Amino acid sequence: MAGIPGLLFLLLLLLLCAVGQVSPSGTHWKPTWPAYRLPVVLPQSTLHLGKPDFGAEAKLEVSSSCGPQCHKGTPLPTYEEAKQYLSYETLYANGSRTETQVGIYVLSGGSGGQESSGKARRKRQIYGYDSRFSIFGKDFLLNYPFSTSVKLSTGCTGTLVAERHVLTAAHCIHDGKTYVKGTQKLRVGFLKPKFKDGGRGANSSSSAIPEKMKFQWIRVKRTHVPKGWIKGNANDIGMDYDYALLELKKPHKRKFMKIGVSPPAKQLPGGRIHFSGYDNDRPGNLVYRFCDVKDETYDLLYQQCDAQPGASGSGVYVRMWKRQQQKWERKIIGIFSGHQWVDMNGSPQDFNVAVRITPLKYAQICYWIKGNYLDCREG
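Looking up the protein chain in an unreviewed UniProt entry gives the name Serine protease 23, with the organism given as Canis lupus dingo. Here the protein chain is described in UniProt, under the heading Subcellular location (unreviewed entry), as follows: "Secreted". Listed in UniProt under the heading Sequence similarities (unreviewed entry), the comment for the protein chain reads: "Belongs to the peptidase S1 family."

## Some details on the overall build of the protein chain
In terms of helices and strands, the protein chain carries 6 helices and 18 strands. Counting all 379 residues of the protein chain, 55% fall into the buried class. Put simply, the protein chain shows about 16,900 Å² of open surface, and 51% of that area lies on carbon and sulfur atoms.

## Quick look at helix H6 (residues 359-370)
Relative to the 16 Å expected for 12 residues at 1.5 Å per residue, H6 spans 16 Å between its end C-alpha atoms, a close match to the ideal helical length. Taken across its 12 residues, H6 has 11 buried, putting it largely inside the fold. Within the span of H6, buried status applies to Pro-359, Leu-360, Lys-361, Tyr-362, Ala-363, Gln-364, Ile-365, Cys-366, Tyr-367, Trp-368 and Ile-369. Residue Gly-371 follows H6 closely and has a positive phi angle near 75°.

## Quick word on the side chain of Glu-329
Structurally, Glu-329 can be placed in strand S17 (residues 327-344). At a separation of 3.4 Å, a polar atom in the side chain of Glu-329 contacts the side chain of Lys-258. Discounting chain neighbours no more than four positions away, the residues touching Glu-329 are Trp-33, Lys-258, Val-318, Arg-319, Met-320 and Lys-322.

## Details of the side chain of Gln-303
By the secondary structure assignment, Gln-303 is in strand S15 (residues 300-303). Accessibility expressed as a relative area gives 0% for Gln-303, which makes it buried. Here the side chain of Gln-303 touches Cys-305 through a polar contact of 2.8 Å, landing on its backbone nitrogen.

## As for a positive patch on the surface
On the surface, Lys-192, Lys-194, Lys-212, Lys-214, Lys-250 and Lys-253 cluster together into a patch of positive charge. Lys-250 sits in the partly exposed class, given a relative accessible area of 48%.

## Some words on the pattern of salt bridges
Tallied over the entire structure, the rule returns 13 salt bridges. Of the charged contacts, one joins Lys-181 and Glu-57 as a salt bridge, the two residues approaching to 2.7 Å between their closest N and O atoms. Across the pair Lys-227 and Glu-89 runs a salt bridge, and its minimum N-O distance is 3.8 Å. For the pair Lys-227 and Glu-89, a shared accessibility class is recorded, and that class is buried. Among the charged side chains, a salt-bridge network with shared partners connects Glu-89, Arg-97, Glu-99 and Lys-227.

## A short note on the state of the cysteines
Evaluated as defined, the whole model comprises 3 disulfides. The disulfide partner of Cys-156 is Cys-172, and the S-S distance across this bridge is 2.2 Å. Around the S-S axis, the bridge from Cys-156 to Cys-172 shows a dihedral of about -90° and counts as left-handed. Taken together, the positions of Cys-156 in the loop between strand S6 (149-152) and strand S7 (157-160) and Cys-172 in the loop between strand S8 (165-168) and strand S9 (187-193) put the pair 16 residues apart, joining distant regions of the chain. Overall, Cys-156 belongs to the buried group, its relative accessible area being 1%. The exposure class assigned to Cys-172 is buried, which follows from its relative accessible area of 2%. The disulfide bridge from Cys-291 ends at Cys-305, spanning 2.0 Å between sulfur atoms.

## Some thoughts on the confidence of the model for the protein chain
Chain-level pLDDT for the protein chain is 80 on average; 74% of the residues reach the 70-or-more range. Of the regions scoring below 50 in pLDDT, residues 200-209 engages in 7 contacts with residues more than four places distant in sequence or in other chains.

## Description of the pairing of S15
If a strand is regular, its side chains alternate between the two faces of the sheet. By the alternation rule, side chains of S15 split into Leu-300 and Tyr-302 and Leu-301 and Gln-303, which are all buried. Note that strand S14 (residues 286-296) and S15 share 3 bridges and pair antiparallel. Considered in S15, the bridge of Val-293 is made with Gln-303.

## Description of helix H3 (residues 79-86)
Buried within H3 we find Tyr-79, Ala-82, Lys-83, Tyr-85 and Leu-86. Mapping the buried residues of H3 onto a view down its axis gives an arc of 165°, with all of them on the same face.

## Some details on the packing of aromatic side chains
Within this structure, the stated rule accounts for 11 aromatic pairs. For the ring pair Tyr-243 and Trp-368, a centre distance of 6.3 Å and an interplane angle of 40° mean the geometry is tilted. One end of the pair, Tyr-243, is in the loop between helix H5 (227-231) and strand S11 (244-248); the other, Trp-368, is in helix H6, and 125 residues separate them in sequence. When sorted by exposure, Tyr-243 lands in the same class as Trp-368, which is buried. Taken together, the ring pairs connect Tyr-85, Tyr-88, Tyr-241, Tyr-243 and Trp-368 into an aromatic cluster.

Rules used throughout
Residues numbered from 1 in each chain as written. Predicted model: local features only at pLDDT ≥ 70, side-chain atom pairs only at ≥ 80, totals over all residues. Heavy atoms only, no water. UniProt positions renumbered as here; feature names shortened; annotations may be inferred. Helix = DSSP H or I, 4+ residues; strand = E, 2+ residues; numbered from the N terminus. Buried < 20%, exposed > 50% of the residue type's maximum accessible area, 1.4 Å probe, protein only. Areas by Shrake-Rupley, 256 points an atom, 1.4 Å probe, with all protein chains shown as cover. Expected span 1.5 Å × (residues − 1). Polar contact = N/O pair within 3.5 Å; in protein donor to acceptor, adjacent residues only side chain to side chain. Contact = heavy atoms within 4.5 Å. Patch = residues over 30% accessible without salt bridge, like charges linked within 9 Å, V, L, I, M, F, W, Y side chains within 5 Å. Salt bridge = Lys/Arg side-chain N within 4 Å of Asp/Glu carboxyl O. Lys, Arg positive; Asp, Glu negative; His and termini not counted. Charge placed at Lys NZ, Arg CZ, Asp CG, Glu CD. Disulfide = S-S within 2.5 Å. pLDDT = per-residue confidence, 0-100. Pairing = 2+ DSSP bridges. Arc of directions from axis to C-beta. Phe/Tyr/Trp six-rings, centres within 6.5 Å; stacked < 30°, edge-to-face > 60°.

This is the structure we're talking about:
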């Protein structure tokens, strides 16, 4: 492997998303997962830190006055800045924590993977008619893809991305300065039938009442949060790094959803995204929605999917054709961050924002999951 010279880094960022982009051709064209040449993000050194105070209040959404045009006007990070942002902090269940510095590399030979203030306004997050769907019944809730959505004990949502790993938003466990209350004993909840046989008695088959469900909880072993979130803040570049990975103390034994590099919005099927979460206004319900992407930057997707606090951390996914395996596959391409009021030429406009999984973020998250960069060649 070879390091990336700083002067070539901006060019690399642009090329990473240009390799293998697919355009429609023929009458039977399918939206196909693009191929990307992926970098490698590897730990370089680890420093032990003092225990945090876990004093932050849990916020179920983040807001920013920096909208699409503001973010588009922000220059891409330099090589040294990217290394700083992708360095990360790890919190362990015993309260200890470490900071890991990383290096960014390309593989020798060039081979790669395949394929406005707004505080006084009420943050409605519902755009016109409420288009969310509450998912009821174990036949749906316990089956893929809805079964990949889990609830965090801090109030947010997460998505199963491996046998022991959950992807969520960084602000669900860290406010940018310190960890939120309850993070040291963080748990992940899985919806299950309230009754062992899945029924409510002899009349359950004829009843129109939705089946009662309950959460079964698994403790979190450790969490990873990028320094781009910790060193930044939710009103500026920090939002670009609003993601975190949780490792459970034991396997969850459910089917999970793979992560993938976010294609450009114009390549998404119908220009549309999907996600499910535990919105606070529908307690105990898993809520599914889909909507069109309205705008995008290199790191963020702007959309107006109906959502409420509690849905933060949901995995944003799409279903596209996997050419190599000749099958359709859903992948998580982003993490729902929250609501944003934007002052656009003096006129306030609101969006819901999702953090895109870029090639560098994919390489980082995949390494957190796999622990081996050779298993992270495909985005």
